[in-house]
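# Structure assessment
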Amino acid sequence: MVDNIHENKVLIREFNEETDIEAVEKLEKNCEIGYKKGISIFTSMMGDPLCRIRLYPVHVMLVAQLLENGELVGAVRGCIKRVGTGFGGTDVTMGCILGLRVSPRHRRMGIGLGLVKSAEEWIERNGAQYAFLATEENNVASTNLFTLKCNYVKFSSLVIYVQPVNDHLAEEVDIPRDIKIEKLHIEQAIFLYKNSLKQREIYPTDIEAILKEKLSMGTWVCFFREEGWVGLQKKEEKEGEIMGTAPSSWAIFSIWNTSEAYKLQIRRSNLLKIFHASVSHAMERILPCLKLPFMSMSTESHKKPFGFLFLYGIHGEGERVGELMKGVWRFASRMAENVKDCSVMMTELGGSDPLRAHVPQGSSMSCINDLWYLKRLNAPVSDEDELTAMRPVGNVFVDPRDF
């Protein structure tokens, strides 16, 4: 249980599901984060402020409450995860800090700093050696808070790719006929990912839990028909034999349906405000990426909430993997068209991920630079260990639960 008194004015405590839901939703809807041509965007958490972090067994939401009148003026989420580092097979326990919010009327009072510090204390009490958080590269206020006041160090640079559905050239819709895409059995997907994760610098160790989560729509492999993939359709095929019969060039990917957790909504507004009610840091970056064709939707369509698909675990091998990536992207785009209320597809790749060079760059594609920050807890600021000394890392597995 967390109960911290901040400067004798603010109580930082755990979120109470029975009494705080309405106040938290009000808080987050009033946290202005920017604007674009009179368009407002906010998210519906489907009545559950914990919708994202519930996917982690150990999680918490902290709120900042004014002692004088009981008003909630801030919130932050945290969760604990086990992460593989790729550095000699060492795994570490890491705490993630998500969805930091402070009421506009109560900023520059140290409340954000107090929430981060309280989240770090909770993370450390739950056995994590590191605290991790992410923010957009251009978010100067957050960057200064994390690096100058909280002593976080830049750990990785990534790129988020965003493309509106139904906003690509007609000739790019069809998957090339020489490319075959097949869905894997869950056991096959687990084996292939565990085999490929060894090449990543950072990755979740509970890949089985991710793939079996209901928000994960499945895992597919992409390869050329002329080569084929012997034994792929045999569920009883031994795991090791799957790699032994793999074609010279192939790609694997999974799709996460965020629509089942929360939705976005766009409205035209003379107030030029954007409201955000999600624990996902990525949502703050979608609006600048919605190009004019997407924003020209009818007035009625703006009133309807929509979701997005997130491509994760994209991995490819072979000289012709670039050609296969086009098939992967078109397959995902076609799937998004058939998902109810889905209007956007996204993925995120590390700065040195070799597949970055092969993401199709259509006219409607937008890119956002994302930064990951890391802090070793209960250690001198100048003290570096194997993990912090290896920064920045670039080839990482982006956990879809963090979106």
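Refer to the structure presented above.
Let me begin by describing the structure that accompanies this report.

What counts and what doesn't
Residues numbered from 1 in each chain as written. Predicted model: local features only at pLDDT ≥ 70, side-chain atom pairs only at ≥ 80, totals over all residues. Heavy atoms only, no water. Helix = DSSP H or I, 4+ residues; strand = E, 2+ residues; numbered from the N terminus. Buried < 20%, exposed > 50% of the residue type's maximum accessible area, 1.4 Å probe, protein only. Contact = heavy atoms within 4.5 Å. Areas by Shrake-Rupley, 256 points an atom, 1.4 Å probe, with all protein chains shown as cover. Pairing = 2+ DSSP bridges. Polar contact = N/O pair within 3.5 Å; in protein donor to acceptor, adjacent residues only side chain to side chain. Disulfide = S-S within 2.5 Å. Arc of directions from axis to C-beta. Salt bridge = Lys/Arg side-chain N within 4 Å of Asp/Glu carboxyl O. Expected span 1.5 Å × (residues − 1).

## Some remarks on the overall build of the protein
Tallying secondary structure elements over the protein gives 10 helices and 16 strands in all. Within the protein, the fraction of its 403 residues that count as buried is 56%. Long-range contacts, defined here as pairs at least 24 residues apart, represent 81% of the contacts in the protein between residues at least 6 apart. Just so you have it, the protein exposes about 17,800 Å², and 48% of that area is on carbon and sulfur atoms.

## Description of the pairing of strand S4 (residues 59-66)
On a regular strand, one side chain projects to one face of the sheet and the next to the other, so that they alternate. Most of S4 sits inside the fold, with seven of its eight residues counted as buried. Pairing geometry for strand S2 (residues 10-14) and S4, over five bridges, is antiparallel. Within S4, the residue paired with Val10 across the bridge is Leu66. Inspection of the sheet shows S4 paired to strand S5 (residues 72-84) by seven bridges, in the antiparallel sense. Note that in S5 the partner of His59 across the bridge is Cys79.

## Re the side chain of Thr85
Considering the arrangement of structural elements, one finds Thr85 in the loop between S5 and strand S6 (91-102). Overall, the relative accessible area of 3% leaves Thr85 in the buried class. Separated by 2.7 Å, the side chain of Thr85 and the backbone oxygen of Thr90 make a polar contact.

## Structural notes on the pairing of strand S8 (residues 153-164)
The buried fraction of S8 amounts to nine of the 12 residues, a majority that puts the element mostly inside the structure. Pairing of S8 with strand S16 (residues 366-376) involves nine bridges; the strand directions are antiparallel. Note that in S16 the partner of Ile160 across the bridge is Ile368. The pairing of S8 with strand S15 (residues 342-350) spans seven bridges and is antiparallel. Looking across to S15, one finds that Pro164 is bridged to Val344.

## With respect to the state of the cysteines
For the structure on display, the rule yields zero disulfides. No disulfide involves Cys79; its nearest neighbouring cysteine sulfur is the one of Cys96, lying 4.3 Å away. Take Cys79: its relative accessible area is 0%, and that puts it in the buried class.

## Digging into helix H3 (residues 140-149)
Listing the buried residues of H3 in full gives Ser142, Thr143, Leu145 and Phe146. Along H3, the residues classed as buried sweep out an arc of 165 degrees about the axis, all on the same side. Counted as exposed and oriented over 90 degrees from the buried face of H3: Val140, Ala141, Leu148 and Lys149. Buried residues belonging to H3 abut S6, helix H2 (111-125), strand S7 (130-136) and S16. Looking one or two places after H3, you find Asn151, whose phi comes out positive at around 65 degrees.

## A short note on the pattern of salt bridges
Counting across every chain of the model gives 14 salt bridges. Here Asp48 makes a salt bridge to Arg54, at a shortest N to O gap of 2.7 Å. The class of Asp48 is buried, set by a relative accessible area of 18%. Under the relative-accessibility criterion, Arg54 is labelled partly exposed at 36%.

## Concerning the environment of Glu227
Considering the arrangement of structural elements, one finds Glu227 in the loop between strand S11 (216-224) and helix H6 (239-244). Overall, the relative accessible area of 37% leaves Glu227 in the partly exposed class. When the C-alpha positions of Glu227 and Asp178 are compared, they lie 9.9 Å apart, and in sequence the two are 49 residues distant. Residues in contact with Glu227, not counting those within four places in the same chain, are Pro247, Ser248 and Ser249. A distance of 2.7 Å separates polar atoms of two side chains, one belonging to Glu227 and the other to Ser248.

## Notes on helix H9 (residues 321-337)
Under the 1.5 Å per step criterion, the end-to-end length of H9 is 25 Å for 17 residues, consistent within 8% with the ideal 24 Å. For H9, the tally of buried residues reaches 12 of 17 residues, placing the bulk of the element in the interior. Residues of H9 that are buried: Val321, Gly322, Leu324, Met325, Gly327, Val328, Trp329, Phe331, Ala332, Ser333, Met335 and Ala336.

Read these as layout, nothing more, since geometry by itself doesn't imply function.
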